[in-house]
Structure formats: C-alpha cells, structure tokens
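Read off the chains here:
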Amino acid sequence: MNDVRSRYRALIGHRLFWPAAVLVLMLAANTIYRPGFLAIEVKDGHLYGTPIDILRLSAPLILVALGMTLVISTGGIDLSVGSLCAISGAVACVYISGQPDQNSLVTVLTALALALGVALALGAWNGVLVAVIGIQPIIATLILMVAGRGLAQLITEGQIVTVNSGPYRAIGLGHLLTLPLAIFIALAAALLVAVFTRRTALGMIIESVGGNAEASRLAGIRSGRVIFLVYVISAGCAAVAGFMMTANVSSADGNAAGLWVELDAILAVVIGGTSLAGGRFFLSGTILGALIIQTLTTSVYAMNISPQTALLFKAVVVIAVCLVQAPAFRAKFSRRRNTTPPRPTTPKRQKEQVPA
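Note that the structure is a prediction, hence the values are computed from the model and not measured. (Residues numbered from 1 in each chain as written. Predicted model: local features only at pLDDT ≥ 70, side-chain atom pairs only at ≥ 80, totals over all residues. Heavy atoms only, no water.)

**Q** What am I meant to see in the packing of aromatic side chains here?
**A** Under the criterion given, the structure shown has one aromatic pair. With a centroid separation of 5.1 Å and an interplanar angle of 80°, the aromatic rings of Phe17 and Trp18 are classed as edge-to-face. Positioned over the ring face of Phe281 is Arg198, at 4.2 Å from the centre of the ring. (Phe/Tyr/Trp six-rings, centres within 6.5 Å; stacked < 30°, edge-to-face > 60°. Lys NZ or Arg CZ within 6 Å of the ring centre and 35° of its normal.)

So, in structure tokens, the structure goes:
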C-alpha cells in the first residue's frame, strides 16, 4: 500500500503531469462538445483533422518558445520575437515577389537565407545590448519589439505583400510522409536544440549562467558570450516561425504577422515548468505548453466563444494551469484539505468523595 502511495505521489509531483492532465482534459471536453473533434481522415494521401491542425498550427509557437526557453533560462526575456517573425516573413516575401520566377527553388532558398541573416543580425543586436552594454533584457528587447514592427512596415511599404510560390507555401502547408511539413520542421528544431543542450555542456553552462551569472564568471564561464548566443538562437527560431506564418497565408503583413506570439511563447515556457528567474529549463515541458496554448485557442474557436471574451477565457485557463502545477499552491491546498478540527474532549467526572 505504501509503495502504491509513493508511486502516486511521484506521478503527481512530476513536472509534466499537470500540464499533460490539462491537455487531456481539454481534448476530452472538446470531444464531448463536438464528437468528431479527434477524428482523422486521409485525403489524397495526407492526414487531415483537428488534431493534425493543432500540431501544424503549434509548430511556429513551438519554434518561438524553444528560443524563448533558452533566453529565460539565462534570467532574461525576449519581447522582440513577434517583430522578428514579421521582419523575416516580410524580407522573404518581398524578395520572392520581386523575382520573375517565384516557383524557383533557388529564389526561395535565397529569400530564406536573406531573411534568416537579417533576423540573426537583429538577434545579435539584442545580445549586444544585454550582454555587452548591460541593458535590462526587458528594455533591450522592448526596443526591437516596437521598432521591429516599424521596420517590417518599411520593408513592405505598409502593404500586404502576396506571393505565389509553391516551394515557399510548402513551408506552412506542404506535406511529408502524410503529415504537414511544419510538424517535421518544428520537430527537427526541437531535436537540434535538445542535442546541443543535453548532449553537450552547453545546456549546463546556460543553466549555470541563469542560476548565478557571477559565480559562473568566477568559475571561468564567459557569461556574456552565452547570453549573446541565446538571443541569436532565439532570433533564428523566430525567423523560421515567421516563414511558417507567412507561408500559411502566402502573404506578409508587417502589422499582423507574429502579433503577441511573444506572450504565448512566455506562457508556454512557464507552463512547461521553466522558472522566469532563470536556471533549469525543460524543453519537453515547453513543447507541451505550446500544445496546450494552441489547443486552447482551437477550443475557443470550436466552441464559438466571442472574440471579445476569448482572451479573457484563455487567461483564466492559463492561470488555472499555472496554479495547479505550482508546488506551493498544491501543498497549501492539500494541507488545508487534510487539516481536520480536533474532537472536543470531555473532562472525566471526578468521583464524589463520601464524607467519613
């Protein structure tokens, strides 16, 4: 009996248990509301269905959240990822739209290389502001968050730039092995980040910098270079996510592309168990958090919740998830539940003394 209880407590205490439970609960609620929610069918050799759409639409958020996880693990924050998505998509679409053959693979690869280079340069700018100049991360990235939208508008000249390129559209809507190509891109990025952070010393170095940057410096770790690197990686992930967002609609809108994705990415990281104070990070938890955010967004649309209340509904659910998985909250709740009022004790009656 004690072994069963210990296993149960270990399962409940696992950092991924509550996010996974919430995800299963949302899927079950959607299935009850709409019985065909989990149905998957094959059309023209490709898999279609709401679960496939959730995975496909989660891919850009997973990419952004992966980069955000590394930044947050160093004790920083990157508010500019949404603007970087818009800039990378704008650069790629503007270049492709100006070419005579938009379906040329060389044209698309050149556009992707140019857009990725611009995004990496802007990520390096964030890294210099934070690691070299010493500006607070929230201020340094807020600068690019605001200015980046203006830069995206300048690139597109305030217009929605449309493209008619099959290879570029495949980034967001293409298929590989019956599944959307975007899923494989996000999976490849997650595996690449996992290999470099868990199979090498890079992950431990990042966590040590986030735990105590000064102690890491005294131990011989160049904290500034590590912080610079994570902002560049975050920008690269945001650039690829921007390609997916603009490829989904075959157009670049400098004002709307990637709008507020930075907030969803931060929520996904927090739901996944990574502390905003820095230190240890959990890539698997981040991916699960991104799936929760996208499932919640899909649920809002599926249940015909009005756009005015959708954000409020989303915020309430996210707060509930964060509270449920918080160890301090669970401990306080269980302590209150297990506390029972003491039984009133009745004093023993004293024997009457009989006078002699």
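The structure having been displayed, the exposition proceeds.
**Q** So what exactly am I meant to see when it comes to the packing of helix α4 (residues 81-97) against helix α5 (residues 105-133) here?
**A** Axes are the key here: two packed helices are described by the angle between their axes and the distance separating the axes. At a minimum axis distance of 8 Å, the contact between α4 and α5 shows a crossing angle of 150°. Comparing the axis directions of α4 and α5 gives the class roughly antiparallel. The interaxial crossing formed by α4 with α5 has right-handed handedness. When α4 is examined against α5, the residues Leu84, Ile87, Ser88, Val91, Ala92, Tyr95 and Ile96 are found in contact with a partner set consisting of Thr107, Val108, Thr110, Ala111, Leu114, Ala115, Val118, Ala119 and Leu122. The class makeup of the residues in the contact of α4 with α5 is 13 nonpolar, three polar and no charged. (Axes fitted to C-alpha atoms, helices over the stretch in contact; angles between N-to-C directions. Helix = DSSP H or I, 4+ residues; strand = E, 2+ residues; numbered from the N terminus. Parallel < 35°, antiparallel > 145°, perpendicular 65-115°, else oblique. Left-handed = near helix turned anticlockwise from the far one by under 90°. Contact = heavy atoms within 4.5 Å. Nonpolar A, V, L, I, M, F, W, Y, C, P; charged D, E, K, R; others polar.)

**Q** Just checking my understanding: could you explain helix α6 (residues 137-156) for this structure?
**A** One full turn of an α-helix is made of 3.6 residues, so residues set three or four places apart face in the same direction. If you check α6, its first and last C-alpha atoms are 28 Å apart, about what 20 residues at 1.5 Å a residue would give, namely 28 Å. Along α6, the largest kink reaches about 30° and is centred on Ala147. Of the residues making up α6, those classed as buried are Pro137, Ala140, Thr141, Leu144, Gly148, Arg149, Ala152 and Thr156. Residues of α6 that are buried sit in contact with α4, α5, β3 (161-162), α11 (223-249) and β6 (251-252). Directly after α6, the chain includes Glu157, whose backbone phi takes a positive value near 55°. (Expected span 1.5 Å × (residues − 1). Bend = angle between axes of the 7 residues up to and from the residue. Buried < 20%, exposed > 50% of the residue type's maximum accessible area, 1.4 Å probe, protein only.)

**Q** Could you clarify how one ought to interpret the side chain of Asn126 in this entry?
**A** Turning to its location among the elements, Asn126 is positioned in helix α5. The exposure class assigned to Asn126 is buried, which follows from its relative accessible area of 0%. Discounting residues that sit within four places of it in the chain, Asn126 has contacts with Asp78, Ser80, Ala140, Thr141, Leu144 and Tyr231.

**Q** What is the right way to look at the pairing of strand β1 (residues 40-43) in this model?
**A** It is a general feature of regular strands that their side chains alternate between the two faces of the sheet. Judged from the four bridges that link them, β1 and strand β2 (residues 46-49) form a sheet pairing that is antiparallel. In the sheet register, Ile40 faces β2, and the bridge partner there is Gly49. What sits between the antiparallel neighbours β1 and β2 is a turn of two residues, in which Asp44 has the positive phi angle 55°. (Pairing = 2+ DSSP bridges.)

**Q** Explain unusual backbone geometry here, please?
**A** One non-glycine residue, Asp44, adopts positive backbone phi at about 55°. With respect to the secondary-structure elements, Asp44 resides in the loop between β1 and β2. Positive phi values are uncommon outside glycine, yet Thr178 reaches one of about 70°. Topologically, Thr178 is positioned in the loop between β4 (175-176) and β5 (179-180).

**Q** I'm lost on the layout of surface pockets in this one. Help?
**A** If you roll a probe as big as a water molecule over the atoms, it shows you where there is empty space left. As a volume, the largest pocket reaches approximately 1,000 Å³. Leu259, Asp264, Thr297, Tyr301 and Lys314 are, among the 31 residues lining the largest pocket, the residues nearest its centre. Broken down by element, the lining of the largest pocket gets its largest block of residues, seven residues, from helix α14 (residues 307-325). Broken down by class, the residue content of the lining of the largest pocket amounts to 22 nonpolar, six polar and three charged. (1 Å grid on protein atoms, 1.4 Å probe; cavity = no way out; pocket = protein on both sides within 12 Å on 5 of 7 lines; lining within 4 Å. Points joined across faces, edges and corners; volume = space filled by probe spheres on them.)

**Q** Would you explain the nonpolar core in this entry?
**A** Counting 76 residues, the largest nonpolar core has Val64, Met68, Cys85, Tyr168, Ile171 and Phe243 as the members making the most contacts within it. Not counting chain neighbours up to four residues away, the residues in contact with Cys85 comprise Val64, Ala238, Ala241, Gly242, Met245, Gly258 and Val261. (Core = buried A, V, L, I, M, F, W, Y, C linked by side-chain atoms within 4.5 Å.)

**Q** Would you explain the environment of Ile233 in this entry?
**A** Within the fold, Ile233 resides in helix α11. When its relative accessible area of 26% is taken as the criterion, Ile233 is described as partly exposed. When the C-alpha atoms of Ile233 and Ser223 are compared, they prove to be 16 Å apart, with 10 residues separating the residues in sequence.

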